[in-house]
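Summary of structural features
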Amino acid sequence: EHVQVLENKFNEFYTELTTIGQGRVDELFVGGDSLLDNNHTMSPEIQNAMSGIQEKWGNLLELAATRKATLASSVELHKYHRDVNVLISRIQAADASIPSDLGRDVSTVQALQRKHQSMTHDIQAIRSQVEGLDRENERLQELYPGARARGVGERQEQLESSWSRLQDHLTLRKEALLAATDLFTFLRAANQLIQWATNM
């Protein structure tokens, strides 16, 4: 947010510079041109002063435009990093919320499987955000090559790694629940067989 405040303050300055400042420079040149048109006795000095002002004004506008672009890119990169941090936190929270309980019989395992399917469905909403940040990562790397591109790429790798761990954890949980279902189904069948054999 600090970068956004800086950008807002600079945008105010830039607007003032390009409106009021440009108006003042234009007025100065109108006056100087008038003096030159009237063959003022100090025309060479007036011409030199106007040339110097023109050069310095051009340099100032160029510097201001560069600073404006730099601040805009900083805001954009800061937003990307903030969005990645928020999403990684959501992914880690989702990962931490995956229970390890495998139930105590077929019906509790089936209830846990339904909860797991619901959780998996809810977590898939994160996928679109990961994909959106992946596209943003590609765009930013093209736009800002060098160290900034490497920083963006590293953050995207961390995001992808967190997402992959979550997907792996969900897969392992699903497999564990399926194995628990098989086990409890087998145990139920075994108990029924033992009871049948005992009643014979």
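Since this is a predicted model, take the numbers as computed values, not measurements.

**Observations concerning the overall build of the chain**
In terms of regular secondary structure, the chain is built from four helices and zero strands. Mapped from its N terminus to its C terminus, the chain presents α and β elements in the order α-α-α-α. Here the chain has a C-alpha radius of gyration of 34 Å; the compact-globule value for 200 residues is 16 Å, and the former is much larger. Projected onto its principal axes, the C-alpha coordinates of the chain cover approximately 130 × 25 × 20 Å. Within the chain, buried positions represent 27% of all 200 residues. Counted over contacts in the chain with a minimum sequence separation of 6, partners at least 24 positions apart contribute 82%. Accessible surface, the chain as shown: approximately 13300 Å² in total, 56% of it carbon and sulfur.

**Notes on the nonpolar core**
Ranked by internal contacts, the top residues of the largest apolar core, which has 19 residues, are Ile91, Leu159 and Leu166. Listing elements by their share of this core, those giving two or more residues are α2 (43-96), α3 (106-143) and α4 (147-199). Ignoring anything within four residues of it in the chain, the contact list for Ile91 reads Ile126, Val130, Leu159, Ser162, Trp163 and Leu166. Ranked by size, the runner-up nonpolar core spans eleven residues in total, among them Phe10, Val25, Met50 and Ala64.

**Some details on the packing of α2 against α3**
At their nearest, the axes of α2 and α3 sit 11 Å apart, and the two run at 155° to each other. Taken together, the axes of α2 and α3 lie roughly antiparallel to each other. Crossing angle aside, the handedness with which α2 passes α3 is left-handed. For the pair α2 and α3, the contacting residues are Glu76, Leu77, Tyr80, Asp83, Val84, Leu87, Arg90, Ile91 and Ala94 in the first and Ile123, Ile126, Gln129, Val130, Leu133, Glu136, Asn137, Arg139, Leu140 and Leu143 in the second. Here the residues of the contact of α2 with α3 sort into twelve nonpolar, two polar and five charged.

**As for the packing of aromatic side chains**
With the rule as written, the count across this model stands at two aromatic pairs. With a centroid separation of 5.5 Å and an interplanar angle of 50°, the aromatic rings of Phe10 and Phe13 are classed as tilted. Taken as a pair, Phe10 and Phe13 lie in helix α1 (residues 2-37) at a separation of three residues, close to a single helical turn. Owing to a relative accessible area of 39%, Phe13 belongs among the partly exposed residues under this scheme. Ring-pair connections join several aromatic residues into one group, and the members of that group are Phe10, Phe13 and Tyr14. A cation over an aromatic ring shows up here: Arg148 above the ring of Tyr144, its NZ or CZ 5.8 Å from the ring centre.

**Looking at the side chain of Arg173**
Following the sequence through the fold, Arg173 ends up in helix α4. It turns out Arg173 is buried and unbridged, and the closest side chain with the opposite charge, Asp101, is 6.0 Å from it. In terms of polar contacts, Arg173 uses its side chain to reach the backbone carbonyl oxygen of Asp101, at 2.6 Å. If we ignore the near neighbours within four places in the chain, the residues touching Arg173 are Ile98, Pro99, Ser100, Asp101, Leu102, Leu112 and His116.

Cut-off values and rules
Residues numbered from 1 in each chain as written. Predicted model: local features only at pLDDT ≥ 70, side-chain atom pairs only at ≥ 80, totals over all residues. Heavy atoms only, no water. Helix = DSSP H or I, 4+ residues; strand = E, 2+ residues; numbered from the N terminus. Rg over C-alpha atoms; globule rule 2.2 N^0.38 Å. Buried < 20%, exposed > 50% of the residue type's maximum accessible area, 1.4 Å probe, protein only. Contact = heavy atoms within 4.5 Å. Areas by Shrake-Rupley, 256 points an atom, 1.4 Å probe, with all protein chains shown as cover. Core = buried A, V, L, I, M, F, W, Y, C linked by side-chain atoms within 4.5 Å. Axes fitted to C-alpha atoms, helices over the stretch in contact; angles between N-to-C directions. Parallel < 35°, antiparallel > 145°, perpendicular 65-115°, else oblique. Left-handed = near helix turned anticlockwise from the far one by under 90°. Nonpolar A, V, L, I, M, F, W, Y, C, P; charged D, E, K, R; others polar. Phe/Tyr/Trp six-rings, centres within 6.5 Å; stacked < 30°, edge-to-face > 60°. Lys NZ or Arg CZ within 6 Å of the ring centre and 35° of its normal. Lys, Arg positive; Asp, Glu negative; His and termini not counted. Salt bridge = Lys/Arg side-chain N within 4 Å of Asp/Glu carboxyl O. Polar contact = N/O pair within 3.5 Å; in protein donor to acceptor, adjacent residues only side chain to side chain.

Shape is all these values report; function is a separate question.
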